Structure formats: C-alpha cells, structure tokens
Amino acid sequence: GQYPPYISSHQDSKPAPELHVKLVRFDSNVKVVRRNDGQQLVRRVGMVGSDGIVRVFLLQFAIPYMSRTDERTAQLHYILDKLLRKGVLACRRNLNVQPNPVIPIAQRLRMTADDPSTYSLDDIFRLDRHVRGLDADEPINYHKDEMRKIGRKFNKKTTNSVPPGTNSDIGDEQATKLEVYNKICETMVAPDILRKQVQAALIGPEAFFVFRKALSNQLAANSLLCYAFSVTDRSPSKFAMNIRCARIAATDFRFAYNSAGLLETNAIPFRMTRNIETMLGSMVLNGGSFIPAMSSVAEAVSKWSEEVNPALHIILRDDIIHWYASKSAPKSDIKNQELERQLNDRILKNVSMVQ
C-alpha cells in the first residue's frame, strides 16, 4: 500500500522500491476486533517498518468480489484526489480523499489497512454504553421485540380472514415504527454521544474546532460520492472516522445494484444522524464549510469531466461484470467477453446516472 492507487499525494510518480519502507518484523501482539455489527471477528496485526513505525492491518475473510470492489473503490478515491488537487477552490479548502489499501493474500483472504485511532459510530456508541454500565444491544433488542409485535398483529388479522396490507394497516405500521424510533432516540441514544467522545479524545477547544472543520470537509466529499454511486448501505458500523485527523475511512464503499443490473436510486433523501449534526453544529452545516466544500468537490469533478469519464466507465464496467460473475459459475474468457457486450447498455446507463 505504498504506491498508487493505494496512496495519493502530490508526489505521484513511478514506484521507487528503494525508497519504500521495508518490513522488519511483525508485532508480537495480535488483537481480535469486531466488524460488521459484531458479526465478524477479525485479527488486527502490526507490522514494524524500517522507519520504526508500526502499520496496522486487518486480516479479513471475504469473497473475491468484495476484494475486487474495494480495489476499485481505492482507484476511484485516487482519481478523485487527483482532481481535487487540480481544482482551485478544492485546493484552497485543503480538500482531499485518501484510498484505503486492500491487499489480497489468497482467494478469500485479504489485508486491509487499519488505524487504532479509527472508530465507527457503532464503536463509539458501544464504548459510551460500556462506560455507563448499560447494554449496548438494548436498542436493537427493543426494535426487534416491537417488530415481532407488529408481525403477530398482522398474522392475527390474516387468521381472522381480514385482508392485511390496507391503507389503515400500513399507516398503523408506520406509526408504530416512528414511535419505536422516537423512544429509542429519547431514552437510549443521546444526540451528543459522538461530540462528547471526540472532545474527550482531543486537547482543548482549538483542537476540537480544527477537527470539526476537517470532518465537515471529509464528510462533504464522502457524502457526494455515496450519493453519486448509490452507496445505500451506510449503517453505523460502516461509518468510520479517525479521531486524530478526522479522516473518514472508505470502508465497505460498495455500489448497490438492482435486479436489472442498474445502480440503485436513492429513495431516501440525503440526511445525517442526530449525532453527526450535533458534532458539526448548525453553524458549520448551514453557513459554514460543509456546503461550500461539497460544491468545491462537484466543481472539480465537473471541470475535469473529460478526464474522469473514461476512468469512470472502466470502473463501472469492471464492477458490474464481476458482480454478475459472482452470481454464477466461473466462465471462460470468451463467455466473459460476450457478457461484457450484453451489459454494454447497462454500463452506459450507470455512467450517465453517476454523471
């Protein structure tokens, strides 16, 4: 991960192995951390380089399609960072996005760059609940129990020969879900958990001010990318940030396709969680750096669209072909070429949707 597209800087050039950091030894401590909402246990290993810095990686088991998708995500962020360095407004605001190195080791095993200072929203919430001596799974269990009650209610109507799915049933279900959400927000999830954790990790109000401004810039670029490429699955465990530098980690940045092979449309309008809004503050969101930063990113991409369109076409073509290939048995090169010709119209539609 020491050369493009896994790292992006103003010194982008041909790799120079004689200048790269060499592996001296592995760290003696191996930690086990939870990922994907606690459903997956991964090993966090440290590698000591010749410069004395310990670089941390996660050993993850993943299907080959996911590893290929993460590689294309790194390429996409690398291209976008080059465009931001060309844009005048983006340079003035010091906007940048960094790819996340993903190194395949075997067919279903890979290494992903990690940082001990990177925490997801789920990690911060669980840490807050642990400090307060509360169960971190209480909101999830409460939501499941209430959804079971709704299911029993509809099953009861079905057994009583009352046709479910009427307007009144849908209205009752939505009202119940809204009531459950409001109760969770009022009694279980405070709106200032993220802000308190960040303030506790930083030193003084000046550091917090700088962190909040940097986070707004990172969040603006990340939000625009997620919206353009229809990255719809953004659960708390997949929204991770670095507490030291406010960099948003591009983990699980995967395109979402429907059954027809087209990018999913964003049915839900753009919004932020209460904790993110409280963290940034109304001044940053309404009259601060968030909206100008998002406009600067869009301006840089639009100005250099002739350069980004061919790369965008290649990335989307490669991704959808491997998405189809992951759902069927391995095919020969001739059949893959025929599949590419069949998907050409869908690839062009996906490119136009992103543009």
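Residues numbered from 1 in each chain as written. Predicted model: local features only at pLDDT ≥ 70, side-chain atom pairs only at ≥ 80, totals over all residues. Heavy atoms only, no water.

Visitor: Honestly, the overall build of the chain in this entry has me stumped. Any pointers?
Guide: A tally of helices and strands in the chain yields 13 helices and 9 strands. Relative to its full complement of 355 residues, the chain shows a buried share of 39%. In the chain, 69% of the contacts between residues at least 6 apart in sequence involve partners at least 24 apart. (Helix = DSSP H or I, 4+ residues; strand = E, 2+ residues; numbered from the N terminus. Buried < 20%, exposed > 50% of the residue type's maximum accessible area, 1.4 Å probe, protein only. Contact = heavy atoms within 4.5 Å.)

Visitor: Any chance you could explain the environment of arginine 195 here in plain terms?
Guide: In this fold, arginine 195 is placed in helix H6 (residues 193-201). Since its relative accessible area comes to 30%, arginine 195 is described here as partly exposed. Separated by 80 residues in the primary sequence, arginine 195 and asparagine 275 place their C-alpha atoms 7.3 Å from one another. Not counting the four nearest positions on each side in its chain, arginine 195 is found in contact with Phe208, Thr278 and Met279.

Visitor: Got a minute to help me understand the nonpolar core in this structure?
Guide: Most often, soluble globular proteins keep nonpolar side chains buried together rather than apart. Of all hydrophobic cores here, the largest spans 53 residues; its most connected members are Phe229 and Phe255. Per element, the largest residue contribution to this core is 8 residues, and it comes from helix H7 (residues 204-228). With near-sequence residues (within four places) excluded, phenylalanine 255 lies in contact with Leu76, Phe229, Ser230, Leu263, Ile315, Leu316 and Asp319. (Core = buried A, V, L, I, M, F, W, Y, C linked by side-chain atoms within 4.5 Å.)

Visitor: I'm lost on the packing of aromatic side chains in this one. Help?
Guide: Each aromatic ring pair is characterised by the separation of its centres together with the angle its planes make. For the structure on display, the rule yields 0 aromatic pairs. One cation-aromatic arrangement involves lysine 86 over tryptophan 304; the distance from NZ or CZ to the ring centre is 4.9 Å. (Phe/Tyr/Trp six-rings, centres within 6.5 Å; stacked < 30°, edge-to-face > 60°. Lys NZ or Arg CZ within 6 Å of the ring centre and 35° of its normal.)

Visitor: Whenever I open this one, the packing of helix H11 (residues 305-325) against helix H13 (residues 344-354) confuses me. Can you help?
Guide: Relative placement of two packed helices is described by the angle separating their axes and the distance separating the axes. Running from amino to carboxyl end, H11 crosses H13 at an angle of 130°, the nearest separation of the two axes being 9 Å. On the basis of the axis angle, H11 is oblique to H13. Between H11 and H13 lies a crossing of right-handed hand. Across from Leu312, His313, Leu316, Arg317, Ile320 and Tyr324 in H11, the residues of H13 making contact are Arg346, Ile347, Leu348, Asn350, Val351 and Val354. Classifying every residue of the contact of H11 with H13 gives 8 nonpolar, 2 polar and 2 charged. (Axes fitted to C-alpha atoms, helices over the stretch in contact; angles between N-to-C directions. Parallel < 35°, antiparallel > 145°, perpendicular 65-115°, else oblique. Left-handed = near helix turned anticlockwise from the far one by under 90°. Nonpolar A, V, L, I, M, F, W, Y, C, P; charged D, E, K, R; others polar.)

Visitor: Help me understand the pattern of salt bridges, please; the structure alone is not making it clear to me.
Guide: Side-chain pairs of opposite charge can arise where the charged atoms are in close proximity. Overall, the coordinates contain 11 salt bridges when judged by the stated rule. Residues aspartate 51 and arginine 55 are paired through a salt bridge, measuring 3.0 Å at the closest nitrogen-oxygen approach. Given a relative accessible area of 33%, arginine 55 falls into the partly exposed group. Between arginine 126 and aspartate 137 there is a salt bridge, and its shortest N-O distance comes to 3.0 Å. In this pair, arginine 126 sits in helix H3 (residues 121-131) while aspartate 137 sits in the loop between H3 and helix H4 (138-159), placing the two residues 11 residues apart along the sequence. (Salt bridge = Lys/Arg side-chain N within 4 Å of Asp/Glu carboxyl O.)

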